[in-house]
Amino acid sequence: MGQHRCFACDEQNPGRIVTNTDDGWTFMFIERFVGPPGRVHGGTAVGALTCPALQLAERDGMQHPVVLHVNGRLNLPVPLAEPISVKAYSEEGRYRVKLHEDSNVILDGYVEVADQETNIGSVLQEPPSEYVEDLQSLSDVTDADIEGHSLFTQFLEVQKAAGYPLEPPPKCFGCSEADGALELSIRKTRQGDTYTRWKSEEAFTDGEGRLATTMVVSAIDCMNLHAINANDDFDLLFKLTQEKKNFFTGSYGVRIFRVPPVEIKDDYRITSRYLRRDGRKLFTISALSDSNGTIYAMGESIAIIFDLTDEIFGTDS
Ligand SMILES: [Zn+2]
Ligand SMILES: [Zn+2]
């Protein structure tokens, strides 16, 4: 293999996710990367798909591989703290990466990689035209108030009010206030819109001062689910919880517009917007920008409404 190194595969990283041996690819997500109880944070799982793709791109002769787009469909939640067998291969000009549990594909994704010499801040692509207006208005909000109750805190209160308190409170790698989390303290700025500030950890690097793509994808995921609650002040969540239903991320993709640095002046801004509902599907977008409103990446998420089994819900009734 070539010289690729990132947060996800760095041998020095105690939270290393990706290994490659003669037997193939293996992912292992330590407890830190929890999303739903006992399962991996969806954004981190989808983000990690980029690492094998970048390694394969080097093997295929690319000099300066860089991720333009990653998308993953979560068929089942990814298990935490156990080795997961992964298939990664080139297919129709992009890289297909699949996580397996027994004979099931639990996460099926693809990664588009370009061969382009870049510096921090280099432009990789323009935003898709259908999202330009939304992204512009999201990135105009660069200095909102982040005092008061976060949407995560309100989420816990709503679950309790609907008759299903989550005890102990879930530890989401992205948005809970637990040790080791990114502690994204997400706020509603207006109907369907959310906002937070985020300072990357130094370790989230590709070794050259760039923010590892795995962590870009991870950091802008949670906001998408919170945008749904920011749209109707938890009305849908409250009703679904009473009916023993909930919504979870079904598919999630991220496009990288500019090469983001690990260290940025005055923190990153992460924002999201609820777009629409179509039956069981809820569509949202999120964005990573700086304090001047320059956008580095956008996320596109489709959450799906599910019936919860009693086992997941922690109740026998
Ligand atoms: Zn890597
Ligand atoms: Zn979260």
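Residues numbered from 1 in each chain as written. Chains lettered and ligands numbered in written order. Predicted model: local features only at pLDDT ≥ 70, side-chain atom pairs only at ≥ 80, totals over all residues. Heavy atoms only, no water.

A. How the structure looks around the sheet that holds strand S2 (residues 24-27). One open sheet holds the 12 strands; their spatial order is S1-S2-S4-S5-S6-S3-S9-S12-S11-S10-S8-S7, and the pairing between them is antiparallel. Each of the sheet's edge strands pairs with one partner strand only, and the pair in question is strand S1 (18-21) and strand S7 (187-190). Across the sheet, the mean angle from the axis of one strand to that of its neighbour is 25°, orientation sign disregarded. In the sheet, strand S4 (residues 84-91) pairs with strand S5 (residues 94-101) via 7 bridges, with the strands oriented antiparallel. In the strand pairing of S5, Ala-88 is matched with Val-97. Helix H6 (residues 222-232) rests against S7, strand S8 (193-198), strand S9 (245-256), strand S10 (268-278), strand S11 (281-289) and strand S12 (295-307) of the sheet, and its axis sits at about 60° to S10. (Pairing = 2+ DSSP bridges. Helix = DSSP H or I, 4+ residues; strand = E, 2+ residues; numbered from the N terminus. Axes fitted to C-alpha atoms, helices over the stretch in contact; angles between N-to-C directions. Contact = heavy atoms within 4.5 Å.)

B. The coordination of the zinc ion (ligand 2), seen in detail. Distances from the zinc ion (ligand 2) to its protein donors, Cys-172 (SG), Cys-175 (SG) and Cys-222 (SG), fall at 2.2 to 2.3 Å. The sequence pattern describing where the donors of the zinc ion (ligand 2) fall on their chain is C-x2-C-x46-C. Of the two residues examined, Cys-172 and Cys-175, each falls in the buried class. (Donors = N, O, S within 2.8 Å, 3.2 Å for Na, K, Ca; no water. Buried < 20%, exposed > 50% of the residue type's maximum accessible area, 1.4 Å probe, protein only.)

C. Structural context of the nonpolar core. Ranked by internal contacts, the top residues of the largest apolar core, which has 84 residues, are Phe-27, Phe-29, Val-78, Leu-99, Trp-198 and Leu-288. The next biggest cluster of nonpolar side chains, apart from the first, holds 8 residues, and it includes Tyr-131, Leu-138, Ala-287 and Met-298. (Core = buried A, V, L, I, M, F, W, Y, C linked by side-chain atoms within 4.5 Å.)

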